[in-house]
Amino acid sequence: MSFTLAIVGRPNVGKSTLFNRLVGKRLALVDDQPGVTRDLREGAARLGDLRFTVIDTAGLEEATDESLQGRMRKLTERAVEMADICLFMIDARAGVLPADEVFAGILRKKSAHVILAANKGEGRAADAGVIEAYSLGLGEPIRLSAEHGEGLNELYTALVPIADEFAERAEADAPETDVEIEDDDGPRVPTAEKPLQIAVVGRPNAGKSTLINRLLGEERLLTGPEAGITRDAISVRMDWDGLPVRLFDTAGMRKKAKVQEKLEKLSVSDGLRAVKFAEVVIVLLDAAIPFEQQDLRIADLAEREGRAVVVAVNKWDAEPHKQAKLKELREAFERLLPQLRGAQLVTISAKTGKGLDRLRAAVETAHDVWNRRVTTAKLNRWLAGMVEMHPPPAPGGRRIKLRYMTQVRTRPPGFVVMCSNPEKLSESYTRYLINGLRTDFDMPGTPIRLHMRSQAEDNPYKNRTKSTPSRLRKHLGKGPAGGY
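Below: a short report on this structure. (Residues numbered from 1 in each chain as written. Predicted model: local features only at pLDDT ≥ 70, side-chain atom pairs only at ≥ 80, totals over all residues. Heavy atoms only, no water.)

**Things to note about the overall build of the chain**
In terms of regular secondary structure, the chain is built from 13 helices and 15 strands. A burial count over the chain gives 52% of its 484 residues as buried. Pairs at least 24 residues apart make up 70% of the contacts formed inside the chain by residues separated by at least 6 positions. With the model as given, the accessible surface of the chain reaches about 23,600 Å², and the carbon-plus-sulfur share is 50%. (Helix = DSSP H or I, 4+ residues; strand = E, 2+ residues; numbered from the N terminus. Buried < 20%, exposed > 50% of the residue type's maximum accessible area, 1.4 Å probe, protein only. Contact = heavy atoms within 4.5 Å. Areas by Shrake-Rupley, 256 points an atom, 1.4 Å probe, with all protein chains shown as cover.)

Rendered as structure tokens:
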């Protein structure tokens, strides 16, 4: 992109609404209550013929201590220093508040290019606030309505001359959130343009943001002792020891019955969307309370979505009896998550960075297995051996015949078995075949899709009525069709 634009201002002035309008997607959570946004969210913005990176920031708070608001402010100030241009938004209906004057002074010192925008500027009620904005000393304010799309032409006019100054800069590839996995079945090698997509999910306060900050080597995401700090599903790109990845930090997922507030529902749904667009899902557990009911639901969700799964047990540095605990974890994993049998279980400490090399290796292995393909010849030799060892059931005295098998897709591996009476084949026999595939073709932990299909379903002549053969018609004197 040609330049970077950071949207800053007090809480609830409409920063995320403008962010969504500029990127053309509802990526940032929007709600009437103030302080919804807490982390920095980047997106590829488009305004006329301008293409640039836009950063949505947390609302500027007057707190400067180590409280949650103070940490949010420090993160926003960091975004101001990173950005080429700052768009300072005020609420035109509320007018200029003392906090706006304080922040205007900060922006004058920290940013070379500041554009002032008076949002919620539709209607006469905003006239006084727009006039007041001149007192901030940041030039003529742009009268905006992010919700209704008004004033974007004026914003474009203000950006064009500044954008020309950055025209010679190399175009940077800004992270996107919604990237679908391709439907082709060939193995995909992660590249800088299309990195491996990894979603980090878990219960609140499991250490998801801390883990990503440790991998990045900087305090990119807001962290702290409070549970539920992360609200948006934030994506960041990085090179993980030679592996190009895009990491999705998601909001902590509590039990559905406990999620009552609208904002938390939006946060959880944003996290679920990140799981759907990821290729590998890291389920992060707290070593002190692993495999809670909600952890099992989250892991099962990732499996049902067909994603490769790695289970990481965090806060391992605080565990006093490591060997006994590890044995207990492995036993619980096998017992409570049989659908992910063989998936990698890694112990880490996001705080100290211990075990992150093993986590990377586990992620790469899980992705390779997720892309695994088995030839039809090998599958059919294997199927014959499985049937010989344990024949399928014979409902009504007629043995179900498994004729042949083939792999129809990868990511996750999907197989089809052509057989007679597939509707009568028991689930236990299907599980027997799936477990055999995992073991014999080295596909531990990855979701496997196995479908039974009758050949009659693909027979184009199955509904045609039988007719008298032509040679018999000739013998009976009827002649060929059409007659003599």
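**Things to note about the packing of helix α11 (residues 376–389) against helix α12 (residues 427–440)**
The N-to-C vectors of α11 and α12 enclose an angle of 130 degrees; their axes lie 11 Å apart at closest approach. In terms of orientation, α11 and α12 fall into the oblique class. The handedness of the crossing between α11 and α12 is right-handed. Where α11 approaches α12, its residues Leu379, Trp382, Leu383, Met386, Val387 and Met389 are matched on the opposing element by Tyr429, Tyr432, Leu433, Gly436, Leu437 and Asp440. The residue makeup of the contact of α11 with α12, split by class, is 10 nonpolar, 1 polar and 1 charged. (Axes fitted to C-alpha atoms, helices over the stretch in contact; angles between N-to-C directions. Parallel < 35°, antiparallel > 145°, perpendicular 65-115°, else oblique. Left-handed = near helix turned anticlockwise from the far one by under 90°. Nonpolar A, V, L, I, M, F, W, Y, C, P; charged D, E, K, R; others polar.)

**Quick notes on the sheet that holds strand β13 (residues 402–409)**
Read from one edge of the open sheet, 3 strands run β13-β14-β15, paired in mixed fashion. Bordering the open sheet on either side are β13 and β15 (449–454), each of which pairs with just one other strand. Neighbour-to-neighbour, the strand axes of the sheet open up by a mean angle of 25 degrees, direction not taken into account. Sheet analysis places β13 next to strand β14 (residues 414–419), joined by 6 bridges and oriented antiparallel. (Pairing = 2+ DSSP bridges.)

**Let's talk about helix α8 (residues 293–304)**
Over its 12 residues, α8 extends 16 Å from the first C-alpha to the last, a length consistent with the 16 Å expected when each residue adds 1.5 Å. One or two steps after α8, the chain reaches Gly306, where phi turns positive at roughly 80 degrees. (Expected span 1.5 Å × (residues − 1).)

**Considerations on the sheet that holds strand β3 (residues 50–56)**
Strand order in this open sheet of 6 strands is β2-β3-β1-β4-β5-β6, and the pairing throughout is mixed. On the outer flanks of this sheet lie β2 (41–47) and β6 (142–143), each paired with one strand and no other. Across 4 bridges, strand β1 (residues 4–9) lies against β3 in parallel orientation. For Thr4, the partnering residue across the bridge sits in β3 and is Thr53. Those strands touched by helix α5 (residues 152–165) are β1, β2, β3, β4 (85–91), β5 (114–119) and β6, and its axis lies near 105 degrees from that of β3.

**Description of the packing of aromatic side chains**
Enumeration according to the criterion identifies 4 aromatic pairs in this entry. Plain terms: the ring middles of Tyr429 and Tyr432 are 5.3 Å apart, the flat faces sit at 50 degrees to each other, and that makes the pair tilted. Note that Tyr429 and Tyr432 are positioned in helix α12 at a spacing of 3 residues, about one turn of the helix. (Phe/Tyr/Trp six-rings, centres within 6.5 Å; stacked < 30°, edge-to-face > 60°.)

**Quick word on helix α6 (residues 208–216)**
Along α6, the positions that sit buried rather than exposed are Lys208, Ser209, Leu211, Ile212, Asn213 and Leu215. Two residues or fewer past α6, Gly217 is found with a positive phi of approximately 80 degrees.

**Focus on the nonpolar core**
One finds Ile198, Leu211, Leu359 and Val363 to be the most contacted residues of the largest nonpolar core, which totals 28 residues. At the level of secondary structure, the elements contributing two or more residues to this core comprise β7 (196–202), α6, β8 (234–240), β9 (243–249), β10 (280–286), β11 (308–314) and α10 (356–370). Counting residues per element, this core draws most heavily on α10, which supplies 6 residues. Once residues lying within four places of it in the same chain are set aside, the contact partners of Val363 are Leu196, Ile198, Trp240, Val280, Ile282 and Val310. (Core = buried A, V, L, I, M, F, W, Y, C linked by side-chain atoms within 4.5 Å.)

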